[in-house]
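Single-letter residue listing:
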Amino acid sequence: MEAFAQSEALVPASSVIDGKAYAAGLMSRVKTEVAEIKGRLNTVPGLAVILVGEDPASSVYVASKRRETQAAGMNSFEHRLPETTSQIVLLDLVKELNGDPRVHGILVQLPLPGHLDADAVIEAIDPAKDVDGFHVINAGRLTVGQNALVPCTPLGCLMLLKDRLGDLTGRHAVVVGRSNIVGKPMAQLLLQEDCTVTIAHRHSRDLANLTRIADIVVVAVGRPEMVRGDWIKPGATVIDVGINRVVRDGKSRLVGDVAFAEMGHAHAVTPVPGGVGPMTIGCLLSNTLEAFRRAQDREETSAMEIS
Ligand code: NAD
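Small disclaimer: the values here were computed from a predicted structure and weren't measured. (Residues numbered from 1 in each chain as written. Predicted model: local features only at pLDDT ≥ 70, side-chain atom pairs only at ≥ 80, totals over all residues. Heavy atoms only, no water.)

Time to look at the packing of helix α2 (residues 56–71) against helix α9 (residues 277–306). Between α2 and α9, the least distance of the axes is 11 Å, while the angle of their chain directions is 55°. On the basis of the axis angle, α2 is oblique to α9. In terms of crossing hand, the pair formed by α2 and α9 is right-handed. Where α2 approaches α9, its residues Ser64, Lys65, Glu68 and Thr69 are matched on the opposing element by Ile281, Leu284 and Leu285. In terms of residue class, the contact of α2 with α9 is made up of three nonpolar, two polar and two charged. (Axes fitted to C-alpha atoms, helices over the stretch in contact; angles between N-to-C directions. Helix = DSSP H or I, 4+ residues; strand = E, 2+ residues; numbered from the N terminus. Parallel < 35°, antiparallel > 145°, perpendicular 65-115°, else oblique. Left-handed = near helix turned anticlockwise from the far one by under 90°. Contact = heavy atoms within 4.5 Å. Nonpolar A, V, L, I, M, F, W, Y, C, P; charged D, E, K, R; others polar.)

Bringing the sheet that holds strand β6 (residues 216–219) into the picture now. The five strands lie next to each other as β5-β4-β6-β7-β10, forming an open sheet whose pairing is parallel. Here the strands that pair on one side only, and so sit at the sheet edges, are β5 (196–200) and β10 (268–269). Where strand β7 (residues 237–240) and β10 come together, two bridges link them in parallel fashion. Counterpart to Thr237 in the pairing with β10 is Ala268. Together, β6, β7 and β10 form the strand contacts of helix α6 (residues 152–165), whose direction differs from that of β7 by roughly 155°. (Pairing = 2+ DSSP bridges.)

Moving on, we get to a positive patch on the surface. A contiguous patch of positive charge, built from Arg178, Lys184, Arg202 and Arg223, is present on the exposed surface. Note on placement: Arg202 falls in the loop between β5 and α8 (207–211). By relative accessible area, Arg202 is classed as exposed at 67%. (Patch = residues over 30% accessible without salt bridge, like charges linked within 9 Å, V, L, I, M, F, W, Y side chains within 5 Å. Areas by Shrake-Rupley, 256 points an atom, 1.4 Å probe, with all protein chains shown as cover. Salt bridge = Lys/Arg side-chain N within 4 Å of Asp/Glu carboxyl O. Lys, Arg positive; Asp, Glu negative; His and termini not counted. Charge placed at Lys NZ, Arg CZ, Asp CG, Glu CD. Buried < 20%, exposed > 50% of the residue type's maximum accessible area, 1.4 Å probe, protein only.)

Before going further, it helps to spend a moment on the nonpolar core. Residues Leu161 and Leu190 are the most contacted members of the largest nonpolar core, which totals 51 residues. Only α1 (19–41), β1 (46–52), α6, β4 (172–176), α7 (183–192), β6 and α9 provide two or more residues apiece to this core. Both domains that furnish three or more residues to this core are identified here as domain 1 (42–126) and domain 2 (151–277). Aside from chain neighbours lying at most four places away, what touches Leu190 is Leu158, Leu161, Leu168, Ala173, Val175, Cys195, Val197 and Val218. Counting 20 residues, the second largest nonpolar core, distinct from the first, contains Val217, Ala236, Phe260 and Met263. (Core = buried A, V, L, I, M, F, W, Y, C linked by side-chain atoms within 4.5 Å. Domains from an automatic or database assignment.)

A word on the confidence of the model for the protein. Across the protein, the average pLDDT comes to 95, with 97% of residues at or above 70. When pLDDT is averaged over each element of the protein, β6 comes out on top at 99 and α9 at the bottom at 93. Low pLDDT (under 50) marks residues 1–8, which in the prediction has nine contacts with non-local residues, meaning those over four places away or in another chain. (pLDDT = per-residue confidence, 0-100.)

Summarising the element assignment, Glu193 is placed in the loop between α7 and β5. On the basis of relative accessibility, which here comes to 18%, the residue Glu193 falls in the buried class. What Glu193 contacts, discounting residues up to four positions off in sequence, is Leu158, Lys162, Leu168 and Thr169.

This is the structure:
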């Protein structure tokens, strides 16, 4: 509760969606299942993370992914490559990991240094191991409603929404932001839940009038506190994906894309930090577990076909 203590008077605690607590529960369920798999099959899911270069923020993310992967009882394979790594060397590593049976998930930490083609690297990942869900095959599967590996952040948003609201059928959802990693897959997931979905972006007109009629508003734009209280109708649920560092009163702090303190009339709202952020890594591990399960199913099916 510390993270939103400042605004408690304006946003009742019961309206605050505690992503940290939900993510802890998700991690614990993943850990239990990994332990059960280890007992039954004497193997565990493995996640390989590739980091190219020395970007300090990326380095921190990769270290925290390693810690959480190990804490869940999974194998963590970390590949730190120098800034000068060529496209060919990177693609060779991806190819090697595609063929490594101990690796069930592959994540390439973005952004890559400017001389590397991130799209080509993502396309080189085996879609069955693409636990970030960024490969076009997974994006396409999500769009047509097939069994995709779904990008972690929107997946985490959906889990929080369903946990708070239950059945989402028929609700009007407005997604602000249309990036390939958050906005678009979020809209697809909400469509699959039978919501009526509007996608807004930087060229949308009268944005406040669009969000004002929504039951659910998901914001992923990267603009500090852009969405104000009067953009949201009473009783709506607001999911804030944005992470923006701002300086207030001489102090650096994180804020979302939503003016949290103005959301007292919402049914529920995610804080920043402590809302969507903690869900992303939980969903990464849950996707790795899912990729492992599917690999097991494929092995069993092919063993049955041979026998
Ligand atoms: P992006 O820059 O790729 O996309 C931003 C989107 O916002 C674009 O579609 C753009 O059209 C739209 N947009 C920009 N200005 C707008 C405006 N004034 N009105 C309406 N739409 C506008 O960003 P992204 O990768 O989707 O990330 C968005 C935010 O979410 C960033 O703050 C990022 O740090 C954060 N993020 C958080 C997590 C997490 O784990 N919590 C994960 C990914 C991204």
